[in-house]
Amino acid sequence: MPAIASSAPAKAILFGEHAVVFGYPAIAVPINELKTRVAIFALPQATPGQVKISSPMIGMDTTMDQLDPADPMARLFELIKKHFSITHFPACQIQIQSAIPVGSGLGSGASVSVAFLRALSSFMGSPLGDEDVCAYAFEIEKIHHATPSGIDNTVITYEKPVLYRKKKPISILKVKKPFELVIANSGPKESTSKTVASIREKHDQDPFLYDHYFESIGRITRNAALAIKRGDLDTLGSLFNDNQAILNKMGLSTAHIDELIEIALNSGAKGAKLTGAGKGGFVIALVDQKTRERVFRKLQDAGATDIHITTIGAPRLTQHEK
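Calculation criteria
Residues numbered from 1 in each chain as written. Predicted model: local features only at pLDDT ≥ 70, side-chain atom pairs only at ≥ 80, totals over all residues. Heavy atoms only, no water. Phe/Tyr/Trp six-rings, centres within 6.5 Å; stacked < 30°, edge-to-face > 60°. Helix = DSSP H or I, 4+ residues; strand = E, 2+ residues; numbered from the N terminus. Buried < 20%, exposed > 50% of the residue type's maximum accessible area, 1.4 Å probe, protein only. Expected span 1.5 Å × (residues − 1). Core = buried A, V, L, I, M, F, W, Y, C linked by side-chain atoms within 4.5 Å. Contact = heavy atoms within 4.5 Å. Axes fitted to C-alpha atoms, helices over the stretch in contact; angles between N-to-C directions. Parallel < 35°, antiparallel > 145°, perpendicular 65-115°, else oblique. Left-handed = near helix turned anticlockwise from the far one by under 90°. Nonpolar A, V, L, I, M, F, W, Y, C, P; charged D, E, K, R; others polar. Pairing = 2+ DSSP bridges. Salt bridge = Lys/Arg side-chain N within 4 Å of Asp/Glu carboxyl O.

Moving on: the packing of aromatic side chains. Within this structure, the stated rule accounts for 7 aromatic pairs. With a centroid separation of 5.0 Å and an interplanar angle of 90 degrees, the aromatic rings of F15 and F240 are classed as edge-to-face. Within this pair, whereas F15 is found in strand β1 (residues 4-15), its partner F240 is found in helix α7 (residues 233-249), the two being separated by 225 residues in sequence. A relative accessible area of 0% places F15 in the buried class. Look at Y210 and Y213: their rings are 5.1 Å apart centre to centre, the planes differ by 85 degrees, and that puts the pair in the edge-to-face class. Taken as a pair, Y210 and Y213 lie in helix α6 (residues 207-230) at a separation of 3 residues, close to a single helical turn. Accessibility assignment for this pair places Y210 and Y213 in one class, buried.

In structure tokens form, the structure reads like this:
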């Protein structure tokens, strides 16, 4: 029997970090250059219920029954068991490979969850629909991040740019004019859950100031959605910079992030900012065909790693199996 396989992209938040947790809108996009792939091979000669799992990216080589019940992967198995009303799985080998740096703010956890849910449900003979995949992946996000907004599992499940607002219907964002981003890793970052908790604590201590920050970010995000729909990339770049200025005031940037942003802007980027929870991790720069290679090289020279160029809004077939 051939392997059953599924993949899921990384994601980047363009606008709305942290404010989205408090009910304000955010814009996120799939990063299709970075993917997780899950492949499942049947083991017809093995004992029914025996499930082997290997994931080189995190050094995992184990079996399902050896997983800690609190492990996110154990929870994924339980969700699928409950969905299909089964007590055990057919014997199989599950291989997980990912090009998404763990803990980078690019949604590695949600990407694994989405690819895993799709592959395992397909292996069971009844692939989950997007709505179920998104909902189940959100349950796993709660384990990873305690109080997630839901944006990671949403954009990764639907693989399209989204204007997202917590507990509101999903809004797929139409991109009138495709645009390019250079994404680059500034280095290690604090855990997302820790950073989100620190912002929540600051909000509790000074709600007036932080509500002002969030309202400003919300306004920037709504204007960015309009700019994307109109294909106004100059305005979009300016809004990147406006959003970054507020994130900086909130203490979420670092000296190296600031340096990389300045280099990107001086190299011709229309705008640049951190993406995700901040305090390390990735920066994104809005570029065009004339500036992308120069921005790429200059960021590389400055010590950034995991640098990629991605196009947002390019026509592509929707597919989960690649």
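The structure having been displayed, the exposition proceeds.
Another point: α7. Counted at 1.5 Å a residue, the expected span for α7 with its 17 residues is 24 Å, and the 25 Å between its end C-alpha atoms agrees. Those residues of α7 that sit buried are L233, L236, G237, L239, F240, N243, Q244, I246 and L247.

Our focus in this paragraph is the nonpolar core. One finds L14, F15, I27, F179, L236, M250 and L299 to be the most contacted residues of the largest nonpolar core, which totals 57 residues. Examining the composition of this core, we find that 9 residues originate from one element, α6, more than from any other. When near neighbours in sequence (up to four residues on either side) are disregarded, F15 contacts A26, I27, I220, T221, A224, L236, L239, F240, N243 and K273. I13, F116, A119 and V162 belong to the second-largest nonpolar core, a separate cluster that totals 44 residues.

Turning our eyes to something else, we now look at the packing of α6 against α7. In contact at an axis separation of 9 Å, α6 and α7 are set at 165 degrees when each is read in the N-to-C sense. Viewed along their axes, α6 and α7 adopt a mutual orientation that is roughly antiparallel. As α6 runs across α7, the sense of the crossing is left-handed. Counted together, Y213, S216, I217, I220, N223, A224, A227 and I228 of α6 and T235, L236, L239, D242, N243, I246, L247 and K249 of α7 form the full contact between these two elements.

Before going further, it helps to spend a moment on the packing of helix α2 (residues 108-123) against helix α4 (residues 151-158). The N-to-C vectors of α2 and α4 enclose an angle of 50 degrees; their axes lie 9 Å apart at closest approach. By the angle class used here, α2 and α4 are oblique. For the pair α2 and α4, the crossing hand works out as right-handed. Listed contacts from α4 to A110, S111, V114 and R118 of α2 are D152, N153, I156 and T157. Residues belonging to the contact of α2 with α4 are distributed by class as follows: 3 nonpolar, 3 polar and 2 charged.

The next point concerns the environment of A146. Along the chain, A146 turns up in the loop between α3 (130-145) and α4. It is 26 Å that separates the C-alpha atoms of A146 and N32, two residues lying 114 residues apart in sequence.

Okay, the pairing of β1 next. A regular strand carries its side chains on alternate faces of the sheet. Among the 12 residues of β1, 11 are classified as buried, and the element is accordingly described as predominantly covered. As paired elements, β1 and strand β2 (residues 26-42) share 11 bridges and run antiparallel to each other. Bridge pairing in β2 links S7 to R37.

If you walk across this open sheet you meet the 4 strands as β9-β10-β8-β11, and the pairing is antiparallel. At either end of the open sheet lies a strand with only one pairing partner, and these are β9 (271-274) and β11 (305-312). Ignoring strand direction, the axes of neighbouring strands in this sheet form an average angle of 20 degrees. Bridge count between strand β8 (residues 179-185) and β11: 6 bridges; the pairing is antiparallel. Bridge assignment links F179 to a residue of β11, and that residue is I312.

Glancing now at the pattern of salt bridges. Enumeration according to the criterion identifies 7 salt bridges in this entry. The partner of E17 in a salt bridge is K273, with the nearest N and O atoms 2.7 Å apart. Of the two residues, E17 is situated in the loop between β1 and β2 and K273 in strand β9; the sequence distance between them amounts to 256 residues. E17 gets classed as buried once you look at its relative accessible area, which sits at 1%. With its nearest N and O atoms 2.4 Å apart, the salt bridge here joins R292 to E180. Highlighted residues: R292 in helix α9 (residues 292-301) and E180 in strand β8, separated in sequence by 112 residues. The class of R292 is partly exposed, set by a relative accessible area of 25%. By relative accessible area, which is 11% here, E180 ends up buried.

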